[in-house]
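What follows is each chain in one-letter form.
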Amino acid sequence: QVQLVESGGGVVQPGRSLRLSCAASGFTFTTYGMHWVRRAPGKGLEWVAVVSNDGTKKFYVDSVKGRFTISRDDSKNTVYLQMNSLRPEDTAVYHCAKGPRGSQYFDYWGLGTLVTVSS
Amino acid sequence: DIQMTQSPSTLSASVGDRVTITCRASQSISTWLAWYQQKPGKAPKFLIYHVSDLESGVPSRFSGSGSGTEFTLTISSLQPDDFATYYCQQYISYPLTFGGGTKVEIK
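Since the model is a prediction, treat every value here as computed from it, not as a measurement. (Residues numbered from 1 in each chain as written. Chains lettered and ligands numbered in written order. Predicted model: local features only at pLDDT ≥ 70, side-chain atom pairs only at ≥ 80, totals over all residues. Heavy atoms only, no water.)

Draft legend 1. Examining the side chain of Arg38 of chain A more closely. All names here are of chain A. Tracing the chain through its elements places Arg38 in strand β4 (residues 34-39). You can call Arg38 buried: its relative accessible area is 6%. Among the polar contacts listed, one links the side chain of Arg38 to the side chain of Glu46, at a separation of 2.7 Å. Within the structure, the side chain of Arg38 is placed 3.0 Å from the side chain of Asp90, a separation counted as a polar contact. Those residues within four positions of Arg38 in sequence are excluded, and the remaining contacts are Gly44, Leu45, Glu46, Val48, Ser63, Val64, Phe68, Asp90, Ala92, Val93 and Tyr94. (Helix = DSSP H or I, 4+ residues; strand = E, 2+ residues; numbered from the N terminus. Buried < 20%, exposed > 50% of the residue type's maximum accessible area, 1.4 Å probe, protein only. Polar contact = N/O pair within 3.5 Å; in protein donor to acceptor, adjacent residues only side chain to side chain. Contact = heavy atoms within 4.5 Å.)

Draft legend 2. Representation of the pairing of strand β8 (residues 70-75) of chain B. Residue and element names in this part refer to chain B. Burial analysis of β8 places five of its six residues in the buried class, which makes it a mostly covered element. Alignment of strand β3 (residues 19-25) against β8, held across six bridges, turns out to be antiparallel. Across the sheet, residue Thr20 finds its bridge partner in β8, namely Thr74. By the bridge criterion, six bridges tie strand β7 (residues 62-67) to β8 in an arrangement that is antiparallel. Bridged to Gly64 within β8 is Leu73. Linkage of β7 to β8, two consecutive antiparallel strands, is achieved through a turn of two residues, within which Gly68 is found at a positive phi near 80 degrees. (Pairing = 2+ DSSP bridges.)

Draft legend 3. Representation of the packing of aromatic side chains within the structure. Tallying each qualifying case throughout the model produces 17 aromatic pairs over all chains. The interplanar angle of 20 degrees and the centroid separation of 4.9 Å between the aromatic rings of Tyr105 of chain A and Phe46 of chain B together place this pair among those described as stacked. Taken together, the residues Tyr105 of chain A in the loop between β9 (92-98) and β10 (108-109) and Phe46 of chain B in strand β5 (residues 45-49) connect one chain to another. The same class applies to Tyr105 of chain A and to Phe46 of chain B, which are both buried. Judged by centre distance (5.7 Å) and plane angle (70 degrees), the rings of Trp32 of chain B and Tyr91 of chain B are edge-to-face. Taken together, the positions of Trp32 of chain B in the loop between β3 and β4 (33-38) and Tyr91 of chain B in the loop between β9 (85-90) and β10 (97-98) put the pair 59 residues apart, joining distant regions of the chain. (Phe/Tyr/Trp six-rings, centres within 6.5 Å; stacked < 30°, edge-to-face > 60°.)

Draft legend 4. Quick peek at unusual backbone geometry. The peptide bond linking Ser7 of chain B to Pro8 of chain B adopts the cis configuration, its omega dihedral lying at -10 degrees. Residue placement: Pro8 of chain B occurs in the loop between β1 (4-7) and β2 (10-13). The backbone phi angle of Asn77 of chain A is positive, close to 50 degrees, even though this residue is not glycine. Structurally, Asn77 of chain A can be placed in the loop between β7 (68-73) and β8 (78-83). When its relative accessible area of 26% is taken as the criterion, Asn77 of chain A is described as partly exposed. Notably, Val51 of chain B is not glycine yet its phi reads approximately 75 degrees, a positive angle. For Val51 of chain B, the location among the structural elements is in the loop between β5 and β6 (53-54).

Draft legend 5. Quick peek at the pattern of salt bridges. All names here are of chain A. Here the structure, examined in full by the defined rule, presents nine salt bridges over all chains. Across the pair Arg38 and Asp90 runs a salt bridge whose closest N-O atoms are separated by 3.0 Å. Separated by 52 residues along the polypeptide, Arg38 in strand β4 and Asp90 in the loop between β8 and β9 bring together distant segments of the chain. For the pair shown, Arg38 and Asp90 are each scored as buried. In this structure, Asp62 engages Lys65 in a salt bridge whose closest nitrogen and oxygen atoms are separated by 2.9 Å. Residue classification places Asp62 among the exposed positions, given a relative accessible area of 52%. A residue is classified by how much of its surface remains accessible, and Lys65, at 48% relative accessible area, is partly exposed. (Salt bridge = Lys/Arg side-chain N within 4 Å of Asp/Glu carboxyl O.)

Structure representation (structure tokens):
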């Protein structure tokens, strides 16, 4: 069965960096695009970034462009989110999500990892 | 960016009620709409894609309809397991965007 397990969250000061990881299993990783979606406390879901199945295409929400970088390591079945210049408004649970082939909704989600940006 | 607006933001209902949630897009998204269910502390669960196609395993009491800019999610007979927050999402273009969510709570 499909499993997505996030790690790397924690408490970090504004301006610092953090790297999230998402270990995937139960499907052919190289076939599918992978996303990060976040939910800030008391707010709704917000899509953050996507990397295509072959790693050549990446898209971001405007609020993280230039600060966050999504990448994937197909040898490890893992997708990453490098987060630099963190801001308090980046505080959220970050979910990794798998997209189906050829479309951009999310058919499987991880439980998420909490990132808290605070001094 | 395409804005997605859900209503109501909170809905109080009883077991057995028919429940309808509305999702509006700021411009036409054709039928590129999905729905998700989220419970506290859990990962979101994928319910519906392409407006009305149920994901495998999703109970048939869930249904979706609409096209263009106005969409609905209907639960025909609310069950105890359905009390949760529901989100719509457009996937016609980046950035992918969600509605603000509708919390279905016990009346």
